[in-house]
Amino acid sequence: MQVELDGRVALVTGAAQGIGQAIAHTLVRNGARVVYTDVHGAAAQASADAGGGVAAFALDVASPTDVASGVERVLRAQGRIDILVNNAGIGVPAAERKTIDAFSLEHWDALLRIDLTGLFLMSREVSRAMKAQRTGRIINIASVLGLVPARLQSSYIAAKAGVVNLTKAMALELAPHGVLVNAVAPGSTQTEGWQKWIRDAGSEAQDLHARLMTHIPLGRPGTTQEMADAVLFLAAPESSYITGHVLTVDGGWTAGFSRDF
Ligand SMILES: NC(=O)c1ccc[n+]([C@@H]2O[C@H](COP(=O)([O-])OP(=O)(O)OC[C@H]3O[C@@H](n4cnc5c(N)ncnc54)[C@H](O)[C@@H]3O)[C@@H](O)[C@H]2O)c1
């Protein structure tokens, strides 16, 4: 897919690897001036070097001071922010996957702080600049699990459900100011982390993979490029009448049951 982003300034969080990296690279290829940020600064820089970003630096979305100084840095260097992609996020490691009665508060707090509060902090800061510009796009990376929960991942499903509803609320508030807010909700996406998760299952790997695929009518995980192309569409001039939308990119996962009963 090719669109014309015409030098628009984009800020992507969690851009060192995985879906965030594919998003950042794709925005560059379509003409945007992209700032790559990640909690790991050196990895963000390496990613920007590979993709052709205009800048890269360390930004922990869970830190209010990092968020304020990072956004100010972009505004000072680039003059504006046209596209914010709130991609940074963590999942629930295997050791933390427990039923609600045994779920760890420490892990709950850590995940909410990044996946939901981080997105709030970034959006709060950047929306101030976008309101002043009277234009902008905010694109949040949610998850199918924010729409249809799974077991044993209370923190993640609550955070991503929060992202879904916050996306809609921000769309209502920012529409009068020319700022559009949407989300992409990926299903299973074949990142390196995803592949490692399957590999780490050892002798169970084949079984785990097969079980996961039973949820996906298209019968395969998505690619990071397929997620990036959905973000590109929501960043493009062509999507100018879409706001408050959650675009599932999930091979049909949330369409309904894919098995007969
Ligand atoms: N991979 C999937 O199957 C899948 C499915 C649904 C949703 N998602 C969502 O997509 C997004 C990207 O996931 P991914 O699979 O590419 O993950 P990933 O782990 O490969 O990459 C996430 C990136 O975010 C960075 N990051 C983590 N904490 C951060 C923080 N506090 N501040 C800034 N950066 C931070 C990491 O360093 C990493 O570079 C996440 O929001 C995730 O919830 C992924």
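Keep in mind that this is a model prediction, so the values were computed, not measured. (Residues numbered from 1 in each chain as written. Predicted model: local features only at pLDDT ≥ 70, side-chain atom pairs only at ≥ 80, totals over all residues.)

> Can you walk me through the environment of Lys-131 in this structure?
Counting through the fold element by element, Lys-131 comes out in helix α4 (residues 105–133). Its 16 C-beta neighbours within 10 Å are what place Lys-131 among the partly exposed residues. Filtering out sequence-adjacent residues up to four positions away, Lys-131 remains in contact with His-177 and Val-179. (Helix = DSSP H or I, 4+ residues; strand = E, 2+ residues; numbered from the N terminus. Buried ≥ 20, exposed ≤ 12 C-beta atoms within 10 Å, placed from the backbone. Contact = placed C-beta atoms within 7 Å.)

> Would you mind going over α4 with me for this structure?
Three or four residues apart is the spacing at which side chains of an α-helix point the same way, because the helix has 3.6 residues per turn. For α4, which comprises 29 residues, the first-to-last C-alpha distance of 40 Å matches the rise-based estimate of 42 Å (1.5 Å per residue) to within 8%. Taken as a whole, α4 carries its principal kink of about 40° at Arg-113. By the burial criterion, the buried members of α4 are Leu-111, Asp-115, Leu-116, Gly-118, Leu-119, Leu-121, Met-122, Ser-123, Val-126, Ser-127 and Met-130. Turning to α4, the residues buried within the fold contact β1 (9–12), α3 (64–78), β4 (83–86), β5 (136–141), α5 (154–174) and β6 (179–186). (Expected span 1.5 Å × (residues − 1). Bend = angle between axes of the 7 residues up to and from the residue.)

> I keep staring at unusual backbone geometry and nothing clicks. Help me out?
Among all residues save glycine, negative phi is the norm, and among peptide bonds the norm is trans. The backbone of Asp-6 sits at a positive phi, close to 50°, despite the residue not being glycine. Relative to the elements of secondary structure, Asp-6 occurs in the segment before β1. Asp-6 gets classed as exposed once you count the C-beta atoms within 10 Å, which come to 11. At Leu-152, a position not held by glycine, the phi torsion is positive, near 70°. Topologically, Leu-152 is positioned in the loop between β5 and α5. Judged by local crowding, Leu-152 falls into the partly exposed class, with 15 C-beta atoms found within 10 Å.

> Please clarify how the sheet that holds β6 should be interpreted in this entry.
By definition, the strands of a sheet pair up through backbone hydrogen bonds, in either a parallel or an antiparallel sense. Spatial ordering of the open sheet is given by β3-β2-β1-β4-β5-β6-β7, a layout of 7 strands whose pairing is parallel. Across the chains shown, the open sheet's two edge strands, defined by having one partner strand only, are β3 (55–58) and β7 (246–249). Each adjacent strand pair in this sheet contributes to an overall mean axis angle of 15°, direction not counted. In this fold helix α8 (residues 224–235) packs onto β4, β5, β6 and β7, with an angle of close to 165° to the strand it touches most, β6. (Pairing = 2+ DSSP bridges. Axes fitted to C-alpha atoms, helices over the stretch in contact; angles between N-to-C directions.)

By themselves, these are just geometric observations and shouldn't be taken as functional.
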